[in-house]
Amino acid sequence: MEEPGVRQRKKVATGFASGHETDNEVKSSSAFPKIYYVLLVAVLVLALYSFLALVKSPLNQFIGAPARNLPGVRADYVPTFTADKAKQDAVVEAFKHAWLAYERDAMGDDEYHPILRTGSNLTEAGGIGYTVADSIDTMIIMGLEDEYQRARAWVTDKLSFERDGNFNTFETTIRVLGGLLSAYHLSGEDPVFLEKAQELGSRILPVFETGSGLPLSLINLALREGVPDIHSGGYISTAEASTLQLEFRYLAYLTDEDIFWEKAENVMAVLRAGATPSGLASIFVEYVLHSSNRQAYSLCSSSEMGRYQTSPIRLGSRGDSYYEYLLKQYLQTNQTELVYHEMYATAMTGIHTHLVQRGLFSQLLYIAELNPQRTQNGEIGWRLTPKQDHLVCFLGGSLMLGATTSGALVHNVSIPPQKNELTEQGERDWLTGVELIKTCMATHETRTGLAPEIAHFRIPGDGVDDSVAPADWYIKGASPGSPPPFDARYILRPETIESIFIAFRLTGDPKYRDYGWAIFQAIEKHCRIPTGGYASVINVDQVPVEYDDKMETFLMSETLKYLYLLFADSNVLPLNEYVFNTEAHPLPVFNPTIRTGFS
C-alpha cells in the first residue's frame with residue numbers, strides 16, 4: 001500500500017518530467033531546498049545549544065567566569081568526592097558492633113533486643129530472617145567478607161519461607177525481597193540470592209488477587225494466601241500498595257516472568273485512575289468494599305475498587321513512599337516510562353501548592369498535613385496541621401534528585417547544578433529540598449542531638465505557651481515532669497541521613513558530611529549499648545537517655561549504609577546507575593525488556 005501524500009507527490013513530480021515546466025513548478029522545486037536549509041540550520045542550532053549546555057560549566061571554570069548558582073548552593077566551596085577513610089572506618093566499626101551482637105544472640109531471628117540480648121520473630125510460626133536479609137548488601141558494600149560469608153551460609157542453609165503465619169506484604173517486600181535482590185546484584189549474581197528472591201516473590205503474588213488488583217496487607221507464606229487486615233475495613237495504606245514496584249519489576253527483569261511486573265504495574269494504574277487533579281493521595285485506598293467475606297472480592301465492580309478513602313493526606317507514615325517511588329520508578333527504567341514523570345511532577349506541584357509551609361518565627365520550611373473534618377453543614381473540609389513526621393525528611397534529598405533528573409533541561413547536570421540547567425519546576429524542587437534538609441537538621445537541636453519521631457511547628461494563634469515551647473518547633477505533649485510522648489522517640493531512623501547523602505552526591509558540599517557526622521556521633525553517644533547493638537531512645541530531650549529495647553533492622557540496612565556512602569568515594573554506587581529502594585537496597589538502573597503498560 002502506498003503512503004498517502006508522499007508517494008503521490010513523487011508521482012506527480014515524475015509525471016511532469018517529460019513536459020514543460022510552468023512558473024508554479026519552478027517556484028515549487030526551488031522552495032524545497034530553502035525548507036531543507038531552514039531545517040538544517042535549526043538542527044545545528046539545537047545541537048550547538050545542547051553541546052554548550054554540556055560544556056559550559058567546565059568552560060566557565062576554565063576561563064574564570066562566574067557560575068550561575070542555584071539558591072541554596074554555596075559559591076565558596078570546592079566540590080570534593082574523595083573518601084573520608086577515618087569516618088568510613090568508624091561507621092564500619094559501628095555496623096560490626098550491631099551485627100556481631102545480633103549474630104551472637106539472635107542469628108536468624110527477625111528482630112533483635114540488645115539490652116536483653118535476645119531475638120524475636122514476627123509470627124508464632126517463626127521468622128524469615130528480616131535482619132539477615134536486610135543487612136547482607138551493607139556487608140558487601142563495606143567489604144566485610146567474613147561476616148558476609150556467614151550470612152550467606154545462613155541464607156543458603158536455613159532461610160525458609162515455610163512459615164504458616166501472616167507477614168506484612170510491604171515490609172517483607174522492601175526488606176527481605178529487596179535485600180535478596182540487591183545481594184544478588186552486588187555479589188556478582190550469586191544464584192542463591194535470586195533463587196530465594198524468586199521463591200519469595202512467587203509466594204507473595206496471591207496478595208494481588210483482589211477485585212482491583214491492589215494488594216492485601218498480609219501474606220501467609222506457607223499457604224501462599226493473601227490475608228486482609230481485619231482492622232483495615234477493606235483498605236490498604238497507599239504507601240504499602242505503591243511501594244512494591246521497584247522490587248517486583250527488577251525481579252521480573254531478572255527472571256523473565258512478566259507476571260511480577262504486571263501485578264505491580266497494575267497497582268499504579270489503579271492508583272493513577274483514582275488520583276485527584278492535585279496529584280496528592282490520601283493515606284488509605286480501597287481494595288474491596290467494606291466486607292470481611294473473602295468471597296465478596298469478586299462481586300465488586302471495578303468502579304467500586306481503588307477509590308481513595310477520605311483520610312489524611314501526608315508525606316509521613318502510610319503516605320511517604322508513594323511519592324518516593326513515583327520518581328524512583330521513572331529512574332529505575334532509565335527514564336523510559338514517562339507516565340511516572342507525569343505523576344511525579346503533578347504530585348510535587350500538589351505538595352508545593354497545598355502542603356509546603358513556613359514556621360512562625362524562623363521561617364523554617366516544613367511539609368504540613370491535611371486532615372479531613374466535617375463542617376457544620378455536614379460537608380467534608382480539610383484542616384492544615386503543622387505536623388511533620390521524621391519520615392518526611394526523605395523528601396529533601398528526593399526533591400533534589402528529582403530536580404536534577406526529571407526537572408533537568410540537559411542530560412548531564414553539573415555538580416552542583418547550575419540555574420540554567422533546570423526547568424522552573426526543577427529549580428523550585430531543588431530549593432525546597434535544600435530548605436527541607438535545613439529544617440530536618442534543625443529538629444536535631446535537642447539535648448541528645450537526635451531528632452524526634454514527630455515535630456510540630458508554631459503557627460499564629462496556636463495557644464502554645466511561648467515561655468515553655470521553643471519559637472520554631474516543639475514536641476507535642478512533652479511537658480516537664482510528664483511521661484515522654486511517643487513523638488519524642490528516636491528509633492534509629494535514616495531519613496535525614498538519606499537526604500544528606502543524596503545532597504552531598506549532587507553538590508559535593510562538605511557541610512553535608514558535617515551534618516552526617518554530627519548525627520552519627522549522637523547515635524554513638526546515646527544509642528550504643530556497651531555489650532553490643534544499638535537501642536532506640538524514648539525521649540530525645542532527656543539526658544541520660546532511657547532506652548526502648550529494640551534495634552530496628554533499618555539501622556544496618558539504611559542508617560549505617562547511608563552514613564558509609566556519605567563518606568565514600570562518589571564512584572561507589574553512583575546515583576545515575578542505581579536506585580535505592582525505600583529500605584536502602586540499591587538496585588541497578590536497566591532498560592525494560594518488555595513493553596510495559598506505562599512505556
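Above this text you will find the structure in question.
### Re the nonpolar core
Okay, so step 1: Counting residues in each nonpolar core, the largest one holds 160 residues, and the members touching the most others are Y323 and I367.
Okay, so step 2: Each residue touching I367, except ones within four places of it in the same chain, is listed here: L315, I351, L355, V356, K387, Q388, V392, L395 and L436.

### Observations concerning the environment of I204
Okay, so step 1: Position of I204 relative to the elements: it lies in helix α7 (residues 191–204).
Okay, so step 2: Counting along the chain gives 22 residues from I204 to G226, while the straight-line C-alpha distance between them is 7.6 Å.
Okay, so step 3: In this structure, I204 is in contact with T169, T172, T173, I219, L221 and F248, ignoring residues within four places of it in sequence.

### Details of the packing of aromatic side chains
Okay, so step 1: According to the stated counting rule, one finds 18 aromatic pairs in the structure shown.
Okay, so step 2: The structure contains a cluster of three or more aromatic residues connected by ring pairs, namely Y250, Y253, W261 and F590.
Okay, so step 3: In this structure, K87 is placed above the aromatic ring of W517, and the distance from its NZ or CZ to the ring centre is 5.0 Å.

### Some points on the sheet that holds strand β13 (residues 454–457)
Okay, so step 1: On the basis of which strands lie adjacent, the open sheet formed by three strands has the order β12-β13-β14 and antiparallel pairing. Two strands close off the open sheet at either side, each with one partner strand: β12 (387–389) and β14 (473–474).

### Let's talk about the side chain of T210
Okay, so step 1: Topologically, T210 is positioned in the loop between α7 and β4 (218–220).
Okay, so step 2: Accessibility expressed as a relative area gives 13% for T210, which makes it buried.
Okay, so step 3: A distance of 3.1 Å separates a polar side-chain atom of T210 from the backbone nitrogen of G213.
Okay, so step 4: What T210 contacts, discounting residues up to four positions off in sequence, is L216 and Y287.

### Regarding the pattern of salt bridges
Okay, so step 1: Tallied over the entire structure, the rule returns 29 salt bridges.
Okay, so step 2: For E337, the salt bridge is made with R249, and the minimal N-O distance between the two is 2.9 Å. Of this pair, E337 sits in the loop between α11 (320–332) and α12 (338–354) while R249 sits in helix α9 (residues 245–255), and the two are 88 residues apart along the sequence.
Okay, so step 3: On the accessibility criterion, E337 (0% relative accessible area) is buried.
Okay, so step 4: Through salt bridges with shared partners, a single network forms among E93, E524 and R528.

### Things to note about the environment of L370
Okay, so step 1: One can find L370 in strand β10 (residues 369–374).
Okay, so step 2: Residue L370 is classed as buried on the basis of its relative accessible area, which comes to 12%.
Okay, so step 3: Distance from L370 to T385, taken between C-alpha atoms, is 6.2 Å for residues 15 residues apart in sequence.
Okay, so step 4: When sequence neighbours within four positions are dropped, the list of residues in contact with L370 reads P312, I313, H354, L355, W382, R383 and L384.

Criteria and cut-off values
Residues numbered from 1 in each chain as written. Predicted model: local features only at pLDDT ≥ 70, side-chain atom pairs only at ≥ 80, totals over all residues. Heavy atoms only, no water. Core = buried A, V, L, I, M, F, W, Y, C linked by side-chain atoms within 4.5 Å. Buried < 20%, exposed > 50% of the residue type's maximum accessible area, 1.4 Å probe, protein only. Contact = heavy atoms within 4.5 Å. Helix = DSSP H or I, 4+ residues; strand = E, 2+ residues; numbered from the N terminus. Phe/Tyr/Trp six-rings, centres within 6.5 Å; stacked < 30°, edge-to-face > 60°. Lys NZ or Arg CZ within 6 Å of the ring centre and 35° of its normal. Pairing = 2+ DSSP bridges. Polar contact = N/O pair within 3.5 Å; in protein donor to acceptor, adjacent residues only side chain to side chain. Salt bridge = Lys/Arg side-chain N within 4 Å of Asp/Glu carboxyl O.

Spatial relationships are all this shows, so hold off on functional conclusions.
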